[in-house]
Amino acid sequence: MQFKHPEVLYFLFLLVIPILVHLFQLRRFKKEYFTNVQFLKELSIQTRKSSTIKKWLLLLTRLMLLAFLILAFAQPFFAAKDSKKNTNEMYIVLDNSFSMQAKGKKGELLKRAVQDLLEHTPEAQNFSLITCSDNYWNTDIKSIQKDLQNLRYSASPFRLDNLIAKINARKSAFNKDIIVITDAVGVEEKQTKSFRKEDNVYFIIPEAEQKNNISIDSVYIQQTLDDFYEIGVKLSANSDDFKDIPIALYNKNKLVAKTLISFENNTKTINFTIPKEDFHGYVSITDKGLEYDNTYYFSISKPSKTNVISIGDTDKSNFLARIYTKDEFNYNNFPLANLDYNLLEKQDAIVLNEVKEIPQALQTTLKSFVTKGGNLIVIPAQESNVTELNSFVTNFGALQFKTATVGEKKVTKINFNHPLFSTVFEKKIDNFQYPSTKSSFDLNNTTPSALTYDDQSAFLTSLPNDLSSVYVFAAPINKMNSNFQNSPLIVPTFYNMAQSSQKSGVNAIIIGENQSFVVDALLSKDEILTVKNNTESFIPVQQLLNTKVKMTFGDNPTEAGNFGIFNGANLVQNISFNYNRTESNLALANPDVANSFKEIDDIETVFNMIQTDRTDTQIWKWFVILALLFLALELLIQKFVK
């Protein structure tokens, strides 16, 4: 037992006072004998004995009354077992990623967690709340009540280690109580290593009752026809028990197509055919799982002519004119001596076709061209100097030419997963006409090759960046050195190398991935582009690139949807944004991450446990009660004891 005010115990010396008074009252009487009252002796002795007992009882009750009263003012208590943790700071980590949209026994997991926090967090409790999207430092439940009630799902996935790093970054002299509320979807055990040993960690892991879920993962152009696009919609089913699911395609909120799909396995691709013109809409499904991944927004711009220039001898570049036809391309060829450098910045793709020596001025221009979003195709000349080639290509990535070797080599392997060919072939083939080269350079590259020789060395590889790609051949492809111009592969290869996915493909940006996007727009210094729709508007980070503008979106927008890029009131281009699908698979919930920590059922239990374990047992009230009992006992003795 301990005392909050031990100095009050010095008043116990006051117990001497009633003792002294009692001793004074018990002084001896002188004996007086009367011959005529002898019969009263015995009665007098009996009366004195009864009076002495009463005085001793009164002394005892008064001593106990005074002692318990003094002890009560000293405030005795029994220390709590975790009393040293009373100074701990509290942090609540709340998972508001889209997987918390799943339904548990009492509704959506996030909404239930928010309601529990509002109902059971003590008003006097100071804490910090950290979510995937917002942080509230040193606050209380009343101050953030409205923010919690309006808390939205975050497009950012739940990364426990990142959130704990934020907490650890706040320097403090006190240890921490950390309450983590998450469904543990995608949480790995290694993420829990961010916790410090001296901190108390509590896990609350609500469980979803319905874990079956279907998501739309992507939309892409499966095939380009003369007047139509055949688009592919890829879906994933995170279960093996699904009935037919309705899927619908909308263009500008108008229904274009609708059908039912069934799953034979966990993935499914369904195709739609749409006119070859502007498309600004979405595809949606209806299932009983999560809602956020049931809609995929995308935009396709009406095809515009692609500007292509080839630099090299006219005789060696004639084959390009047959590929880059006038109906889809603005194609021109210039020998190096006649090249107008001012034309290069207006191109979408440049073919550097067997140029023996690349002037330094051209190297600088081409480097700037690639940085601003243009595709570059490099075909080496047989007479090219390896050192000069390496000096040039190292501007774009980790690639090196080695000494040329003479000897026939066959191209025998197509990388069907490479972006160049991912939409070319309906199925993998191995019986195509193998092109070959008579002499070639060995390429030392770290990126996957698009076309490979029979000795597993690269014939065609690429160096991708955020906005464009540099494609590099290992050998000249003129008719004297190769029959590649006669191969069916040459058309889709060069066609796709010249095309910009942002001009001819599906525009669908993933929110939060900070992906760069380039649009054709000629702006003055005072003009800026705005991205907006009917409900949201924001100004992205943008950089002027001559006749183009490079934009990065950060964590914008806050909600997925179809948007437009505007220069004032003028629409520049349509664009769409979608949420990341990393939270779609509810089967990835990993409740075992809490094994090394305290796993609690609900937030009310956590606060009760902390209060019980850290609150001292106050017993001064019992001493007051005992003092009152002895006061009552004294009154009873005074009244009834003679």
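So, how was this worked out
- Residues numbered from 1 in each chain as written.
- Predicted model: local features only at pLDDT ≥ 70, side-chain atom pairs only at ≥ 80, totals over all residues.
- Heavy atoms only, no water.
- Helix = DSSP H or I, 4+ residues; strand = E, 2+ residues; numbered from the N terminus.
- Rg over C-alpha atoms; globule rule 2.2 N^0.38 Å.
- Buried < 20%, exposed > 50% of the residue type's maximum accessible area, 1.4 Å probe, protein only.
- Contact = heavy atoms within 4.5 Å.
- Areas by Shrake-Rupley, 256 points an atom, 1.4 Å probe, with all protein chains shown as cover.
- Core = buried A, V, L, I, M, F, W, Y, C linked by side-chain atoms within 4.5 Å.
- Phe/Tyr/Trp six-rings, centres within 6.5 Å; stacked < 30°, edge-to-face > 60°.
- Expected span 1.5 Å × (residues − 1).
- Salt bridge = Lys/Arg side-chain N within 4 Å of Asp/Glu carboxyl O.
- Pairing = 2+ DSSP bridges.
- Axes fitted to C-alpha atoms, helices over the stretch in contact; angles between N-to-C directions.
- Parallel < 35°, antiparallel > 145°, perpendicular 65-115°, else oblique.
- Patch = residues over 30% accessible without salt bridge, like charges linked within 9 Å, V, L, I, M, F, W, Y side chains within 5 Å.
- Right-handed = clockwise from strand over helix to strand, strands pointing away.
- Arc of directions from axis to C-beta.

Caption draft 1: Geometry of the overall build of the chain. What the chain contains, in helices and strands, is 12 helices and 36 strands. Expected size for 642 residues packed as a compact globule is a radius of gyration near 26 Å; at 42 Å, the chain overshoots this value by more than 25%. A principal-axis box enclosing the C-alpha atoms of the chain has dimensions of 165 × 55 × 55 Å. Evaluated residue by residue, the chain yields a buried proportion of 46% over its 642 residues. The long-range fraction of contacts in the chain, counting pairs at least 24 apart against all pairs at least 6 apart in sequence, stands at 70%. If you sum the accessible surface of the chain, you get close to 34500 Å²; carbon and sulfur atoms cover 51% of it.

Caption draft 2: Expanded view of the nonpolar core. Membership of the largest hydrophobic core comes to 58 residues, with the highest contact counts inside it found for Tyr-324, Phe-459, Phe-473 and Phe-494. Counting 52 residues, the second largest nonpolar core, distinct from the first, contains Tyr-202, Leu-290, Tyr-292 and Val-606.

Caption draft 3: Spatial organisation of the side chain of Asp-116. Residue placement: Asp-116 occurs in helix 3 (residues 109-120). For Asp-116, a relative accessible area of 18% corresponds to the buried category. If near-sequence neighbours (up to four positions away) are discounted, Asp-116 is found in contact with Thr-121 and Ile-603.

Caption draft 4: The packing of aromatic side chains, seen in detail. Under the counting rule described, the total for this entry stands at 28 aromatic pairs. Between Tyr-292 and Tyr-579, the aromatic rings sit 6.3 Å apart at their centres with planes inclined by 55°, giving tilted as the arrangement. On the criterion of sequence distance, the pair formed by Tyr-292 in the loop between strand 15 (279-285) and strand 16 (295-300) and Tyr-579 in the loop between strand 34 (570-578) and strand 35 (598-599) is long-range, its members being 287 residues apart. In terms of burial, Tyr-292 and Tyr-579 fall into one category: buried. Aromatic side chains Phe-538 and Phe-553 sit 6.3 Å apart centroid to centroid with 80° between the ring planes, which places their arrangement in the edge-to-face category.

Caption draft 5: Representation of helix 7 (residues 360-371) in the model. End to end, helix 7 covers 17 Å across 12 residues, agreeing with the expected 16 Å (1.5 Å per residue, within 8%). Buried residues belonging to helix 7 abut strand 17 (306-311), strand 19 (349-353), strand 20 (375-379), helix 8 (386-393) and strand 25 (469-473). Directly after helix 7, the chain includes Gly-373, whose backbone phi takes a positive value near 110°.

Caption draft 6: View of the pattern of salt bridges. In the structure shown here, the tally under the stated rule is 13 salt bridges. Among the ionic pairs, Glu-123 bridges to Lys-142, the shortest N-O distance being 3.6 Å. Of this pair, Glu-123 sits in the loop between helix 3 and strand 6 (127-131) while Lys-142 sits in the loop between strand 7 (135-139) and helix 4 (145-149); the two residues are 19 residues apart in sequence, bridging distant segments of the chain. Across the pair, Lys-142 and Glu-123 agree in class, each one exposed. In this structure, Glu-354 engages Lys-316 in a salt bridge whose closest nitrogen and oxygen atoms are separated by 3.2 Å. Taken together, the positions of Glu-354 in the loop between strand 19 and helix 7 and Lys-316 in helix 6 (residues 314-323) put the pair 38 residues apart, joining distant regions of the chain. Accessibility expressed as a relative area gives 8% for Glu-354, which makes it buried. Judged by its relative accessible area of 28%, Lys-316 falls in the partly exposed class. Through salt bridges with shared partners, one network takes in Arg-196, Glu-198 and Asp-199.

Caption draft 7: Main features of the sheet that holds strand 10 (residues 214-224). The strand order 10-11-14 describes an open sheet built from three strands, whose pairing is antiparallel. If you trace the sheet from one side to the other, it starts and ends with strand 10 and strand 14 (267-275), each paired once. Each strand of the sheet is rotated relative to its neighbour by a mean of 25°, with strand direction disregarded. Of the pairings in the sheet, the one linking strand 11 (residues 228-237) to strand 14 comprises nine bridges and is antiparallel in character. Directly across from Glu-230, in strand 14, lies its bridge partner Thr-273.

Caption draft 8: The arrangement of the packing of helix 6 against helix 9 (residues 490-498) in detail. Between helix 6 and helix 9, the shortest axis-to-axis distance is 10 Å and the interhelical angle comes to 80°. Put simply, helix 6 runs roughly perpendicular to helix 9. In this structure, helix 6 uses Phe-319, Leu-320 and Ile-323 to contact helix 9, whose residues at the interface are Ile-490, Val-491, Phe-494 and Tyr-495.

Caption draft 9: Looking closely at a nonpolar patch on the surface. Together, Phe-11, Leu-14, Ile-17 and Val-21 make up an exposed nonpolar region whose accessible area comes to about 360 Å². Within the secondary structure, Val-21 sits in helix 1 (residues 16-25). Take Val-21: its relative accessible area is 41%, and that puts it in the partly exposed class.

Caption draft 10: Examining the sheet that holds strand 29 (residues 529-532) more closely. The sheet built from five strands is open, its strands ordered 27-34-33-29-30 with mixed pairing. Of all the strands in the sheet, just strand 27 (509-510) and strand 30 (537-538) have a single pairing partner and so form its edges.

Caption draft 11: Fine view of the pairing of strand 3 (residues 89-94). Of all six residues that make up strand 3, five are buried, and the element is covered over most of its length. As paired strands, strand 3 and strand 8 (residues 176-181) are joined by six bridges and run parallel to one another. By the bridge assignment, Met-90 is partnered in strand 8 with Asp-177. Sheet topology note: the strand 3/strand 6 ladder contains four bridges and is parallel. Looking at strand 6, one finds that Tyr-91 is bridged to Ser-128.

Caption draft 12: Expanded view of the pairing of strand 18 (residues 329-334). Examined bridge by bridge, strand 17 and strand 18 share six bridges and lie parallel to one another. Bridge pairing links Ile-311 to Phe-334 in strand 18. Following the backbone out of strand 17, through helix 6 and into the adjacent parallel strand 18, one traces a crossover that is right-handed.

Caption draft 13: Region of the structure containing the environment of Thr-405. With respect to the secondary-structure elements, Thr-405 resides in strand 21 (residues 399-414). Looking at Thr-405, the relative accessible area reads 34%, which means it is partly exposed. A C-alpha to C-alpha distance of 5.6 Å links Thr-405 and Ser-439, two positions 34 residues apart in sequence. Leaving out residues up to four positions away in the same chain, Thr-405 has contacts with Lys-438, Ser-439, Ser-440 and Asp-442.

Caption draft 14: Fine view of helix 12 (residues 620-640). Helix length check: helix 12 (21 residues) gives 30 Å between terminal C-alpha atoms against 30 Å at 1.5 Å per residue, within 8%. Of the positions making up helix 12, those classed as buried are Phe-623, Ala-627, Phe-630, Glu-634 and Ile-637. Around the axis of helix 12, the buried residues are gathered within 80° of arc, so they sit on the same side. Exposed positions of helix 12 whose direction lies more than 90 degrees from the buried face are Lys-621, Trp-622, Leu-628, Leu-629, Leu-635, Lys-639 and Phe-640.

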